[in-house]
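# Descriptive analysis of the structure
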Amino acid sequence: MTNADAKRHAPATLRNRAAITDVLREVLPAQGMILEIASGSGEHVVHFADRFPDIQWQPSDPEPTALASIASWAEDSGLTNIAPPLALDASATHWPVQSVDAILCINMIHISPWSATQGLMSGASQHLPDEAPLFVYGPFRRAGTQTAPSNEAFDESLRSRNPDWGLRDLEAVEALASEMDLSLERVVEMPANNLSVVFRKSGQS
């Protein structure tokens, strides 16, 4: 049995999970293994596993407290399509996974060093089959588009906490993905000035 006190709660999860689910319905395969990078509290993966029962979900996070929270949420859900969470750092050279059918990464890129985004793209390129999706969600800066004041304030707050954090330029993330044979498929405007960004393994590697 897991410890109920291990559960963490991320309020943003309740606000954005329905909108994210709507995009995922258009992106994810009907079946397969989906790896979530930086699962955090575990609330997202439980919600998605309930909404997509034919998909197997593999949560992961580098933080022990997050891993305990994910395990607790998953156990209490009673869902059988959630694998035990993996200790996985996106910036690591080697991930403890085999081939997966899609990768999700929600609200990590802006609260981690750039090396984590580099690792995310490299890992996705290594582990995704051709044409499989990498789904990324969060706030970004976009060339030619005025950044919302709330995002500007958020960026300042992030950088004050850790100078290696902050909103990334979507164009820089796209360029990095392209170097790793991941092609930008679509950008979807989301509530609260966030974006859903979908890349596909191009099959050029």
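For the structure, see preceding data.
Just so it is clear, the structure is predicted and the values come from calculations on it, not from any experiment.

## A short note on the pairing of strand β2 (residues 55-58)
As paired strands, strand β1 (residues 32-37) and β2 are joined by 4 bridges and run parallel to one another. If you follow L35 over to β2, its bridge partner there is Q58. A crossover links β1 with its parallel partner β2, the connecting element being helix α2 (residues 43-51), and its sense is right-handed.

## Comments concerning the pattern of salt bridges
Under the criterion given, the structure shown has 9 salt bridges. The shortest N-O distance in the salt bridge between D76 and K7 comes to 2.9 Å. Separated by 69 residues along the polypeptide, D76 in helix α3 (residues 64-77) and K7 in the segment before α1 (11-27) bring together distant segments of the chain. Residue classification places K7 among the partly exposed residues on the basis of a relative accessible area of 29%.

## Regarding helix α6 (residues 170-179)
Residues that lie three or four places apart on an α-helix share one face, since the helix turns once every 3.6 residues. The set of residues buried in α6 consists of L170, V173, L176 and A177. Down the axis of α6, the smallest arc covering the buried residues is 125°, so these residues share one side. Check the buried side of α6 and you find it contacts α4 (114-127), β7 (140-141), β8 (168-169), β9 (182-190) and β10 (194-201).

## Overview of the packing of aromatic side chains
Scanning all chains against the criterion turns up 2 aromatic pairs. With centroids separated by 5.8 Å and ring planes inclined at 35°, the aromatic side chains of F48 and W57 adopt a geometry described as tilted. With respect to class, F48 is no different from W57; both count as buried. Taken together, a centroid distance of 6.2 Å and an interplanar angle of 50° make the contact between F52 and W57 tilted. Pair check on accessibility: F52 and W57 agree, each one buried. Put simply, the rings of F48, F52 and W57 pair up and form one aromatic cluster.

## Some thoughts on the packing of α1 against α2
Following both chains from N to C, one finds α1 and α2 inclined at 40°, their axes separated by 10 Å at the closest point. In this view, α1 runs oblique relative to α2, as classed from their interaxial angle. Crossing of α1 against α2: the hand is right-handed. Of the residues in α2, those in contact with T13, N16, R17, A18, I20, T21, L24 and R25 of α1 are E43, H44, H47, F48 and R51. Considering only residue class, the contact of α1 with α2 consists of 4 nonpolar, 5 polar and 4 charged.

## Looking at unusual backbone geometry
At A192, a position not held by glycine, the phi torsion is positive, near 60°. Relative to the helices and strands, A192 is located in the loop between β9 and β10. Residue class for A192 comes out exposed when judged on its relative accessible area of 61%. Residues other than glycine seldom take positive phi values, yet N193 does so here, at roughly 60°. Take N193: it is sitting in the loop between β9 and β10.

## Re the sheet that holds β9
Strand order across the open sheet formed by 6 strands is β2-β1-β5-β6-β10-β9, with mixed pairing between neighbours. Every other strand in the sheet has two partners, leaving β2 and β9 as the edge strands with one partner each. Ignoring strand direction, the axes of neighbouring strands in this sheet form an average angle of 20°. Of the pairings in the sheet, the one linking strand β6 (residues 133-138) to β10 comprises 6 bridges and is antiparallel in character. By the bridge assignment, V136 is partnered in β10 with V197. Of the strands in this sheet, β9 and β10 are in contact with α6, which crosses β10 at around 15°.

Rules behind the numbers
Residues numbered from 1 in each chain as written. Predicted model: local features only at pLDDT ≥ 70, side-chain atom pairs only at ≥ 80, totals over all residues. Heavy atoms only, no water. Pairing = 2+ DSSP bridges. Helix = DSSP H or I, 4+ residues; strand = E, 2+ residues; numbered from the N terminus. Right-handed = clockwise from strand over helix to strand, strands pointing away. Salt bridge = Lys/Arg side-chain N within 4 Å of Asp/Glu carboxyl O. Buried < 20%, exposed > 50% of the residue type's maximum accessible area, 1.4 Å probe, protein only. Arc of directions from axis to C-beta. Contact = heavy atoms within 4.5 Å. Phe/Tyr/Trp six-rings, centres within 6.5 Å; stacked < 30°, edge-to-face > 60°. Axes fitted to C-alpha atoms, helices over the stretch in contact; angles between N-to-C directions. Parallel < 35°, antiparallel > 145°, perpendicular 65-115°, else oblique. Left-handed = near helix turned anticlockwise from the far one by under 90°. Nonpolar A, V, L, I, M, F, W, Y, C, P; charged D, E, K, R; others polar.

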